[in-house]
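Chain by chain, the residues:
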Amino acid sequence: MSTFGTVFMPEMAISRFENDSWDTSSIVSADSISMHPGAHVLHYSSTCFEGLKAFRQDDGSVKIFRLDRSIARFAQSTELLSLPTIDKEATAQMIKDVVAKFAAEVPAPPGSMYIRPTHIGTEPAIGKAASPSLTSIQYILLSPVGDYFSGGSATLRLLLDDSGMRCAPHNGRIKSGGNYASALGPIMRARESHDAHQVLFCPDGDVQETGAANFLLIDGNEIITKALDDSFLHGITRDSILTLARDMGMTVSERQLTIEELLERAAKPGTEATLSGTAAVLTPVGELVHNGKVYTVGSGNEGPTTTKLRSAINDIQWGRAEDKHGWLFDV
Ligand SMILES: *Cc1c(COP(=O)(O)O)cnc(C)c1O
């Protein structure tokens with residue numbers, strides 16, 4: 001399989017907001033969109049997106065995982081960026097329509113169809129640095145993806161960064177383009193100087209998240225992760241994993257975790273650390289780098305609880321375990 005997110009279905013769902021209303025959505029070629037070079041998004045980053053997946057079930061049907069939560073987050077990102085309000089039901093229908101059209105192309109497990117809703121401000125008005133775009137486009141791209149771990153389940157090395165931050169704190173829970181560009185400098189420097197795969201942003205020593213995934217620490221029967229606030233992205237995978245951990249009788253601690261406590265707990269032999277996100281579900285963390293020193297997390301390899309939690313979520317996604325929480329949506 002090619003690199004994640006580089007293969008697209010030939011068509012997408014699209015809808016435009018003009019004259020204070022959304023037009024009827026349609027399915028069009030995904031080759032290009034056309035907008036004025038002065039479009040608001042191209043100058044002032046009025047853009048947000050979502051990332052969710054459709055999964056093929058053993059009976060051949062296709063289900064979308066936690067569609068409701070993704071739409072709610074898309075609506076929230078839209079609102080926080082002052083883009084035109086979306087009609088949640090209409091957006092959900094756009095997603096279902098385009099997934100239904102390409103249902104035959106949804107890869108079998110462990111592959112899936114990655115869904116990328118996008119909302120951009122299109123008003124050609126470069127004088128509007130301080131006011132919102134009155135027009136916008138929503139579109140839903142589809143990208144079939146294979147097994148994220150086909151290259152082997154290697155663990156990650158993270159650089160703990162307590163001097164910078166991923167994005168402006170009031171923007172953390174918005175899934176918006178500018179936040180990722182903002183994190184690229186620190187990530188590139190961490191790769192060059194520490195051979196780290198990702199940066200774990202820890203503003204003022206408070207362990208937060210990486211450029212595009214949440215961070216979970218597993219110590220025995222306890223799973224520890226930062227409590228929800230405005231400063232970071234509220235992952236749907238994070239929420240799903242914490243729910244499954246509670247179902248399994250684990251203690252879930254959503255609270256502040258300092259670098260000091262993280263390094264202390266990481267040194268214990270049974271500790272596990274993992275990143276969570278839609279693309280890879282759970283990616284084990286083997287090493288942490290802080291102040292030039294490398295710390296191994298637990299055994300340095302993927303631990304049994306990470307494997308167990310990943311299987312539990314995959315089993316629901318693939319329709320092989322009871323969907324107790326109502327996470328699967330028909331197309
Ligand atoms: C998308 C994203 C996540 C993970 O969210 P999921 O809903 O689990 O995919 C975490 N952090 C950032 C910054 C993200 O963009």
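Going along each chain's sequence as written, the residues are numbered from 1 onward. For this predicted model, a pLDDT threshold of at least 70 governs which residues receive local features, and a threshold of 80 or more governs which side-chain atom pairs are given and counted, while totals over whole chains, interfaces and linings are taken from all residues. Heavy atoms from the whole structure form the basis of all side-chain values; hydrogens and water molecules are not counted.

## Thoughts on the overall build of the protein
Helix and strand definitions here come from DSSP, where helices need a minimum of 4 consecutive H or I residues and strands a minimum of 2 consecutive E residues; each element is numbered from the N-terminal end. The secondary structure content of the protein amounts to seven helices and 17 strands. The globule rule puts the C-alpha radius of gyration for 331 residues at 20 Å, and the 20 Å found for the protein is close to it. Principal-axis analysis of the C-alpha atoms gives the protein an extent of 60 × 50 × 35 Å. A burial count over the protein gives 52% of its 331 residues as buried. Contacts between residues were defined by any pair of non-hydrogen atoms, one from each residue, lying within 4.5 Å. Considering only contacts in the protein between residues 6 or more positions apart, those separated by 24 or more positions represent 71%. Working note: accessible area of the protein is about 14,600 Å², and carbon and sulfur atoms make up 50% of it. When charges are counted, Lys and Arg are positive and Asp and Glu negative, with His and the chain ends excluded. To locate a charge, the coordinates of NZ of Lys, CZ of Arg, CG of Asp or CD of Glu are taken. Between the centroid of the 29 positive side chains of the protein and the centroid of its 40 negative side chains there is a distance of 2 Å. For this measure, only C-alpha atoms enter the radius of gyration; the expected value for a globule follows 2.2 Å times N^0.38, where N is the number of residues. The classification of residues rests on relative accessible area computed with a 1.4 Å probe and restricted to protein chains. Under 20% of the type maximum is buried, over 50% is exposed, and intermediate values are partly exposed. To be clear on the numbers: accessible area is Shrake-Rupley with a 1.4 Å probe, and residue cover counts the displayed protein chains and nothing else.

## What about the domain arrangement of the protein?
Each domain's extent is set by a domain assignment, obtained either automatically or from a database. Domain assignment breaks the protein into domain 1 (11-145) and domain 2 (156-317). On a C-alpha basis, the centres of domain 1 and domain 2 stand 27 Å from each other. Taken together, the contact pairs 20 residues of domain 1 with 17 residues of domain 2. Two parts lose some accessible area (1.4 Å probe) when they are put together, and adding that loss for both gives the buried area. Here domain 1 and domain 2 share an interface that buries about 1,700 Å² over both sides, 56% of which is from carbon and sulfur atoms.

## Comments concerning the site of the ligand
Residue proximity to a molecule or strand is established when one non-hydrogen atom of the residue lies within 4 Å of it. Contacts to the ligand come from 15 residues, most closely from K175, Y180, E209, T237 and T278. Polar contact criterion, stated in full: a pair of N or O atoms within 3.5 Å, where within protein one must be able to donate a hydrogen and the other to accept it, and residues adjacent in sequence count only if both atoms are side-chain atoms. In the environment of the ligand, an oxygen atom lies 2.7 Å from a nitrogen or oxygen atom belonging to the backbone of I236. T278 is positioned such that a nitrogen or oxygen atom in its side chain is 2.6 Å from an oxygen atom of the ligand. For the ligand, whose accessible area on its own is 380 Å², the fraction buried by protein is 96%.

## Comments concerning helix α2 (residues 67-80)
The span one expects for a helix is its residue count, reduced by one, times 1.5 Å. With 14 residues, α2 extends 20 Å between its outermost C-alpha atoms, agreeing within 8% with the 20 Å of an ideal straight helix rising 1.5 Å per residue. Within α2 the residues assigned to the buried category are L67, S70, I71, R73, F74, A75, S77 and T78.

## Observations regarding helix α3 (residues 88-101)
Look at α3: 20 Å from first C-alpha to last across 14 residues, which is about the 20 Å you get at 1.5 Å a residue. Of all the positions in α3, only T91, A92, M94, I95, V98 and V99 are classed as buried. Buried positions in α3, seen along its axis, are confined to an arc of 155° and lie on one side of it. The arc in question is the one spanned by the directions pointing from the helix axis to the C-beta atoms.

## A few points about the pattern of salt bridges
Close approach of charged atoms lets side chains of opposite charge pair. Between Lys or Arg on one side and Asp or Glu on the other, a salt bridge is scored when a side-chain nitrogen of the former is within 4 Å of a carboxyl oxygen of the latter. Using the criterion set out here, one finds 20 salt bridges in the structure. As a salt-bridge pair, E11 and K101 come within 2.8 Å of each other at their nearest N and O atoms. With a gap of 90 residues between them, E11 in strand β1 (residues 11-18) and K101 in helix α3 connect regions that are remote in the sequence. For E11, a relative accessible area of 23% translates into the label partly exposed. Each of the salt bridges in this network shares a partner with another, and the network as a whole consists of D219, E222, R255, E261, R265 and K268.

## Section: the state of the cysteines
In plain terms, two cysteine sulfur atoms within 2.5 Å form what is called a disulfide here. By the definition in use, this model includes zero disulfides. Unpaired in this structure, C48 has its nearest cysteine sulfur neighbour in C167, at a distance of 14 Å. Considering cysteine sulfurs only, C202 is the nearest to C167, which forms no disulfide, with 14 Å between them. A relative accessible area of 6% places C167 in the buried class.

## Some remarks on the pairing of strand β12 (residues 222-225)
Going residue by residue along β12, you find E222 and I224 tucked away on one face and I223 and T225 tucked away on the opposite face as well. Pairing between strands is defined by DSSP: at least two bridges between the two strands are required. Direction of pairing for strand β11 (residues 214-219) relative to β12: antiparallel, over a ladder of three bridges. Of the residues in β12, the one forming a bridge with L217 is I224. In textbook terms, the turn of a hairpin is the stretch between consecutive antiparallel strands, and for β11 and β12 this stretch comprises two residues, one of which, G220, has a positive phi near 60°. Pairing of β12 with strand β13 (residues 251-254), which is carried by four bridges, proceeds in the parallel orientation. When the sheet's bridge partners are listed, T225 is paired in β13 with E254. The path from the first strand over the helix to the second decides the hand: if it runs clockwise while the strands point away from the viewer, the crossover is right-handed. Of the crossover connections in this fold, the one passing from β12 over helix α5 (residues 236-247) to the parallel β13 is right-handed.

## Things to note about the packing of α5 against helix α7 (residues 304-317)
Close contact between α5 and α7 brings their axes to 10 Å; oriented N to C, the two are set at 105°. The angle between α5 and α7 falls in the class roughly perpendicular. Residues T237, S240, I241, L244 and A245 of α5 lie in contact with α7, whose contacting residues are L309, A312, I313 and I316. Of the residues assigned to the contact of α5 with α7, the class counts are seven nonpolar, two polar and no charged. Note on geometry: axes are lines fitted to C-alpha atoms, helical ones only across the stretch in contact, with angles between N-to-C directions running from 0 to 180 degrees. Note on angle classes: values under 35 degrees are labelled roughly parallel, values over 145 roughly antiparallel, values of 65 to 115 roughly perpendicular, and the remainder oblique. The nonpolar class holds Ala, Val, Leu, Ile, Met, Phe, Trp, Tyr, Cys and Pro. Asp, Glu, Lys and Arg form the charged class, and all remaining residues, Gly among them, are polar.

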